[in-house]
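Fold and geometry: a report
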Amino acid sequence: MVVTIKDVARHAGVAPSTVSYVLSGSRKISDETADAVRAAIAELGYHPRASARTLRRSRSEVLVLAVPREPGKYRAVDGRFAVDISDVARGHGYDVLMMTDPDGVQGLQRIARSGLADGAVLMAVREEDPRIGTLRELGFPTAMVGHGSERDEDQPPWVDLDWRAAVALAVREAVSAGHRRILFWASADHEFQARRGYALRGRAGAEVAARATGAEVLVRRSSNDPGVLRARLREALTSVPRPTALLVQHLIPLSTLLDEVAALGLRVPDDLAVVLVGSLPDEPGPLSAPLPRIDLPVGQMADAVVRLVVAAIDPPSGEPSPRHQLIAPRMAEGPALAPPGAAPD
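Residues numbered from 1 in each chain as written. Predicted model: local features only at pLDDT ≥ 70, side-chain atom pairs only at ≥ 80, totals over all residues. Heavy atoms only, no water.

**Brief notes about unusual backbone geometry**
It is generally the case that most residues other than glycine have a negative phi and that most peptide bonds are trans. Between Val240 and Pro241 the backbone carries a cis peptide bond, its omega angle lying at -5 degrees. With respect to the helices and strands, the residue Pro241 is situated in the loop between helix H11 (226–237) and strand E8 (245–248). For the bond running from Val268 to Pro269, omega is 5 degrees, close enough to zero to count as cis. Relative to the helices and strands, Pro269 resides in the loop between helix H12 (254–263) and strand E9 (273–279). The phi torsion at Ala124 lies on the positive side, around 50 degrees, for a residue other than glycine. Positionally, Ala124 belongs in the loop between strand E3 (119–122) and helix H7 (130–138). Exposure remark for Ala124: the relative accessible area of 12% places this residue in the buried category. (Helix = DSSP H or I, 4+ residues; strand = E, 2+ residues; numbered from the N terminus. Buried < 20%, exposed > 50% of the residue type's maximum accessible area, 1.4 Å probe, protein only.)

**Remarks on the packing of aromatic side chains**
By the definition in use, this model includes one aromatic pair. Arranged with centres 6.3 Å apart and planes meeting at 55 degrees, the rings of Trp163 and Tyr198 form a pair that is tilted. In this pair, Trp163 sits in helix H8 (residues 163–176) while Tyr198 sits in helix H10 (residues 197–213), placing the two residues 35 residues apart along the sequence. Look at Trp163 and you get buried, because its relative accessible area is 9%. (Phe/Tyr/Trp six-rings, centres within 6.5 Å; stacked < 30°, edge-to-face > 60°.)

**As for the side chain of Arg196**
One can find Arg196 in the loop between helix H9 (189–193) and H10. In contact with Arg196, not counting residues within four places along its chain, are Pro68, Ala124, Val125, Arg126 and Glu191. (Contact = heavy atoms within 4.5 Å.)

**Some points on the sheet that holds strand E6 (residues 181–188)**
Pairing is parallel in the open sheet, where five strands are placed in the order E7-E6-E8-E9-E10. Edge positions in the sheet fall to strand E7 (216–222) and strand E10 (293–295), since each of these pairs with one other strand and no more. This sheet shows a mean twist of 15 degrees between the axes of neighbouring strands, independent of strand direction. Pairing analysis gives three bridges linking E9 to E10, with the strands arranged parallel. Bridge assignment links Ser279 to a residue of E10, and that residue is Asp295. (Pairing = 2+ DSSP bridges. Axes fitted to C-alpha atoms, helices over the stretch in contact; angles between N-to-C directions.)

**A closer look at empty space enclosed by the protein**
Under the counting rule described, the total for this entry stands at two cavities of 30 Å³ or more. Looking at the second largest cavity, its volume works out to about 60 Å³. Surrounding the second largest cavity, Pro68, Pro102, Asp103, Ala124, Arg126, Asp129, Pro130, Arg131 and Arg196 form its lining. Residue classes in the lining of the second largest cavity are distributed as four nonpolar, no polar and five charged. (1 Å grid on protein atoms, 1.4 Å probe; cavity = no way out; pocket = protein on both sides within 12 Å on 5 of 7 lines; lining within 4 Å. Points joined across faces, edges and corners; volume = space filled by probe spheres on them. Nonpolar A, V, L, I, M, F, W, Y, C, P; charged D, E, K, R; others polar.)

**Remarks on helix H3 (residues 31–44)**
Counted at 1.5 Å a residue, the expected span for H3 with its 14 residues is 20 Å, and the 20 Å between its end C-alpha atoms agrees. Taken as a whole, H3 has its buried residues at Ala34, Val37, Ala40 and Ile41. Seen along its axis, H3 keeps its buried residues to an arc of 125 degrees; they face one direction. What points out from H3, more than 90 degrees from its buried face, is the exposed set Asp31, Glu32, Ala42 and Glu43. Residue Gly45 follows H3 closely and has a positive phi angle near 75 degrees. (Expected span 1.5 Å × (residues − 1). Arc of directions from axis to C-beta.)

**Regarding the layout of surface pockets**
The space that makes up the largest pocket amounts to roughly 770 Å³. What lines the largest pocket is a set of 36 residues, among which Val77, Leu251, Ile252, Gly278 and Leu280 lie closest to the centre. Contributions of two or more residues to the lining of the largest pocket are made by helix H5 (76–91), H10, H12 and E9. In terms of residue class, the lining of the largest pocket is built from 20 nonpolar, 10 polar and six charged.

**Observations concerning the sheet that holds E3**
With respect to topology, six strands assemble into an open sheet ordered E2-E1-E3-E4-E5-E11, the strand pairing being parallel. Lying at the two open borders of the sheet, with one neighbouring strand each, are strand E2 (95–99) and strand E11 (324–327). Sheet twist, expressed as the average angle between the axes of neighbouring strands with direction ignored, equals 15 degrees. In terms of strand pairing, E3 meets strand E4 (residues 142–145) through three bridges, oriented parallel. Residue pairing in the sheet places Ala120 in a bridge with Thr142 of E4. H5 contacts strand E1 (62–66), E2, E3 and E4 of the sheet and is inclined by roughly 150 degrees relative to E2.

Quick look at the structure:
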């Protein structure tokens, strides 16, 4: 019978994540607990194929960047993160291997067990992400861009924009400008179905801010189907009374959204104020004039996640490894949000 990390955890009376921490040294564990885990390992004859101890003896100096992608579907944010993470990793002496398998579990198992990489960076993290449990069981150093279930206290280290606060900030800015009926264009159907953290937290931010401000906030999911997208937007923008502000989190189809706004005879920002939530810094917009926006701090997040995974691979001696970093949102420099029915000066 093959002994697994779960068997060791059960025998030692601890969580599987605790066994991983003892093997990798990525988190301080009490001497008593560590001794119990080591005794269970010895008694059961557990021999992990790619524990952090093994990796420390034979480093590949490679990080695997796991970015689930569907063939033919491009997200500019994925490319931006991949470049920035690669640049930061190079400064730490690591190259980056990119893995785009939509599921990712089997590929990560293969990479962790073969020693092809020393650690993993996960992107597009789900609320209950199966990759987390897989890498935890293998004792493989991991850090994440984004985070999963907030009920899971043993998640790998992560960095994330506070999406709940970001959307709430956009709602408050719109209300401060005088808007009382606001349309929030949330993430796409498939992102909610996959329970991506940013999608769920963005919607929650809109709902919380609506209650706090008393404004009417219509929440509509986006879609990868242009026909469905246009129909949903048309229905929302022709309702009575009509929304006077549009807050957009799903930015991939922004040009299509703005084309439909124009087709309805609405001018931005005279008839409809538009705010972007999670835009890429320095990325040119689809309009000649810039839009109010809350940027996704890609450079800061890339730097943080590489530091987190490097610390998980080789924990600093004498101090606990950093765990999580939640970045507060802020409005980017640029035009203020226009009030209802008024062009900016």
